[in-house]
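# Residue-level structure breakdown
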Amino acid sequence: MKTTSLLLLSLLLSSCGGSGSEPQPEPPLPPALGSLREAAFPFGAAVNVNLLRSSAAYQGVVTREYRSVTAENAMKFRSLHPDAATYAWTDADYLVQYARQTNSRVHGHTLIWHNSLPAWVTGFQGDSAAWETLMKTHIQTVVGHFRGQVASWDVVNEAVAEDGTLRPSPWLQHLGPDYVARAFQYARQADPDAKLFYNDYGHEYGPTKRTAILNLVSSLKARGIPIDGIGLQLHTSLTRSDANLATAITSAAQTGLLVHISELDVAVNPGNQAGLAWSDALAAAQKAKYKLIVQTFNALPAAQRFGITTWNVTDADTWVRGACGCPDWPLPFNEQYQKKPAYDGIVEGLQ
Ligand code: G3I
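All values reported here derive from a predicted model rather than from experimental measurement.

### A closer look at the pattern of salt bridges
Inspection of the entire model under this criterion finds 12 salt bridges. Linking Glu65 and Arg64 is a salt bridge whose minimum nitrogen-to-oxygen distance equals 3.9 Å. Accessibility expressed as a relative area gives 0% for Glu65, which makes it buried. Residue Asp178 is joined to Arg223 by a salt bridge in which the shortest nitrogen-to-oxygen separation is 2.9 Å. Note that Asp178 is positioned in the loop between helix H8 (170-175) and helix H9 (179-190) and Arg223 in the loop between helix H10 (207-222) and strand S6 (229-232), a separation of 45 residues in sequence. With a relative accessible area of 32%, Asp178 lands in the partly exposed category. By sharing partners, the salt bridges in this structure join Glu162, Asp200 and Lys209 into a single network.

Here it is in structure tokens:
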């Protein structure tokens, strides 16, 4: 038999399966996600209420992609309670109503924080009993106002300093270290069904702050203080190692609490270079970080996956640019509301 005939015969045999068995079908690909709303757990975004009101493009992406919303600023102390006797509900109520109409969950951010306090609080003259009343009244008025409509709260935000001690905030100064526990008790009294979170950043920096945060929430839980979850902000960047990011997420789950990646963004300009330009290399590196974070979270026990929330929607709206005064592109949508490779990284991490 000539060489060409042999070649034809072997091609024919291999196309018939060679061994005589039927060709095996490829395993089916997981169905492509139509949007992040289809994730197995609520995927959300922090929302700028002014933009939600004024920009159809912004509202379009939020409505199409996200199943949970957090007010980026509208539920902070300074926004909701600008004077001792004044509550300003308009923006927060707008967001809650929007969420009801779009069948989305609302996460409340945040009740007790050292930042974004109004002048009447930072300058408040009163003994510890008066400070206690101030804290309790704020928590119970706000949580009570949104009872049944806001599913969860960051009750205390960023109480731990970089060195692992409690941050020297007005709350610590006037109320002592157990203000954290009492804040949770007041919130539970105001809405027994809301899930209550301790929220902080820096879990991925290394063991010092992470251990302090985990010890704090674990001791609250062990004492029977009504804490349901731990929020990992994850304002992170390309410089954070995959190992540290994965440890941040898995060690939070080891507390047994619900886990919320609550303020996710991945900055690509950690050196704050004024002239940095967006590039395919940055896009690919950012995509890989988003994928790693989402994949690690997705592998947690389903009952502990409270959700992932990015901190705003597009690169045009991120706090990062303002904070560093430099170019950066930390979010999954670009300035034109188009999906970036980071978005594909999220989708791949969800599969
Ligand atoms: O609303 C006022 C406006 O009336 C005023 O004219 C203007 C002048 O500066 O300020 C406006 O308020 C700003 C507010 O954002 C709304 O744009 C504040 O100055 C500014 O400090 C505030 O920044 C926010 C910051 O928290 C402080 O509250 C950022 O948008 C917000 O992204 C950021 O979010 C925090 C989380 O709450 C907690 N974790 C860290 C995260 C990033 O810093």
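### Observations regarding the site of the ligand
Around the ligand, a shell composed of 13 residues is seen, among which Glu72, Lys76, His109, Ser116 and Glu263 lie nearest. Ser116 places a polar side-chain atom, nitrogen or oxygen, 2.5 Å from an oxygen atom of the ligand. In the model, a nitrogen atom of the ligand is placed 3.0 Å from a nitrogen or oxygen of the Gln233 side chain. Relative to its unbound accessible area of 780 Å², the ligand is 46% covered by the protein chains. Counted by class, the shell around the ligand contains three nonpolar, six polar and four charged residues.

### Some words on the packing of helix H11 (residues 242-253) against helix H12 (residues 280-298)
At their nearest, the axes of H11 and H12 sit 9 Å apart, and the two run at 30 degrees to each other. Comparing the axis directions of H11 and H12 gives the class roughly parallel. Where H11 crosses over H12, the handedness of that crossing is right-handed. Counted together, Asp242, Leu245, Ala246, Ile249 and Thr250 of H11 and Lys289, Leu292, Ile293, Thr296 and Phe297 of H12 form the full contact between these two elements. Within the contact of H11 with H12, the residues separate by chemical class into six nonpolar, two polar and two charged.

### What about the side chain of Asn269?
Tracing the backbone through its elements, the reader meets Asn269 in the loop between strand S8 (258-267) and H12. Residue Asn269 is classed as buried on the basis of its relative accessible area of 2%. Setting aside its immediate chain neighbours within four residues, Asn269 contacts Leu276, Cys326, Pro327 and Asp328.

### Points about the nonpolar core
Across soluble globular proteins, you tend to see nonpolar side chains buried next to one another. Formed by 93 residues in total, the largest nonpolar core has its most connected members in Trp153 and Trp171. Contact partners of Trp153, with chain neighbours within four places excluded, come to Met75, His107, Gly108, His109, Leu111, Val142, Val143, Phe146, Ala194, Lys195, Leu196 and Phe197.

### Notes on the layout of surface pockets
Of the pockets and cavities examined, the largest pocket occupies roughly 360 Å³. What lines the largest pocket is a set of 21 residues, and nearest its centre among them are Tyr205, His235, Thr236, Ala267 and Trp319. Counting only elements with at least two residues in the lining of the largest pocket, the list comes to strand S7 (235-237), S8 and helix H13 (319-324). The element contributing the most residues to the lining of the largest pocket is H13, with four residues. Partitioned by chemical class, the residues of the lining of the largest pocket number 10 nonpolar, seven polar and four charged. Around the second largest pocket, the lining comprises 14 residues; the ones closest to its centre are Lys76, Trp113, Glu263, Trp311 and Trp319. Taken together, the residues of the lining of the second largest pocket sort by class into three nonpolar, seven polar and four charged.

### Quick look at unusual backbone geometry
Look at the link from His109 to Thr110: it is a cis peptide, with omega at 0 degrees. Along the polypeptide, Thr110 turns up in strand S3 (residues 105-112). Although it is not a glycine, Asn312 sits at a positive phi angle of roughly 85 degrees. You can see Asn312 is positioned in the loop between strand S9 (305-310) and H13. Overall, the relative accessible area of 0% leaves Asn312 in the buried class. The residue Tyr337 is not glycine, and still its phi comes out positive at about 65 degrees. Tracing the sequence through the fold places Tyr337 in the loop between H13 and helix H14 (341-350). Among the residues examined, Tyr337 registers a relative accessible area of 22% and is labelled partly exposed.

### Description of helix H7 (residues 128-145)
Note on helix geometry: an α-helix contains 3.6 residues per turn, so any two residues three or four positions apart are oriented the same way. Look at H7: 25 Å from first C-alpha to last across 18 residues, which is about the 26 Å you get at 1.5 Å a residue. Considered for burial, the residues of H7 that qualify are Trp131, Glu132, Leu134, Met135, His138, Ile139, Val142 and Val143. Down the axis, H7 shows its buried residues gathered within 160 degrees of arc, on one side only. Where the residues of H7 are buried, they touch helix H4 (77-80), S3, helix H6 (119-122), strand S4 (152-157), H8 and H9.

Criteria and thresholds
- Residues numbered from 1 in each chain as written.
- Predicted model: local features only at pLDDT ≥ 70, side-chain atom pairs only at ≥ 80, totals over all residues.
- Heavy atoms only, no water.
- Salt bridge = Lys/Arg side-chain N within 4 Å of Asp/Glu carboxyl O.
- Buried < 20%, exposed > 50% of the residue type's maximum accessible area, 1.4 Å probe, protein only.
- Helix = DSSP H or I, 4+ residues; strand = E, 2+ residues; numbered from the N terminus.
- Near = heavy atom within 4 Å.
- Polar contact = N/O pair within 3.5 Å; in protein donor to acceptor, adjacent residues only side chain to side chain.
- Areas by Shrake-Rupley, 256 points an atom, 1.4 Å probe, with all protein chains shown as cover.
- Nonpolar A, V, L, I, M, F, W, Y, C, P; charged D, E, K, R; others polar.
- Axes fitted to C-alpha atoms, helices over the stretch in contact; angles between N-to-C directions.
- Parallel < 35°, antiparallel > 145°, perpendicular 65-115°, else oblique.
- Left-handed = near helix turned anticlockwise from the far one by under 90°.
- Contact = heavy atoms within 4.5 Å.
- Core = buried A, V, L, I, M, F, W, Y, C linked by side-chain atoms within 4.5 Å.
- 1 Å grid on protein atoms, 1.4 Å probe; cavity = no way out; pocket = protein on both sides within 12 Å on 5 of 7 lines; lining within 4 Å.
- Points joined across faces, edges and corners; volume = space filled by probe spheres on them.
- Expected span 1.5 Å × (residues − 1).
- Arc of directions from axis to C-beta.

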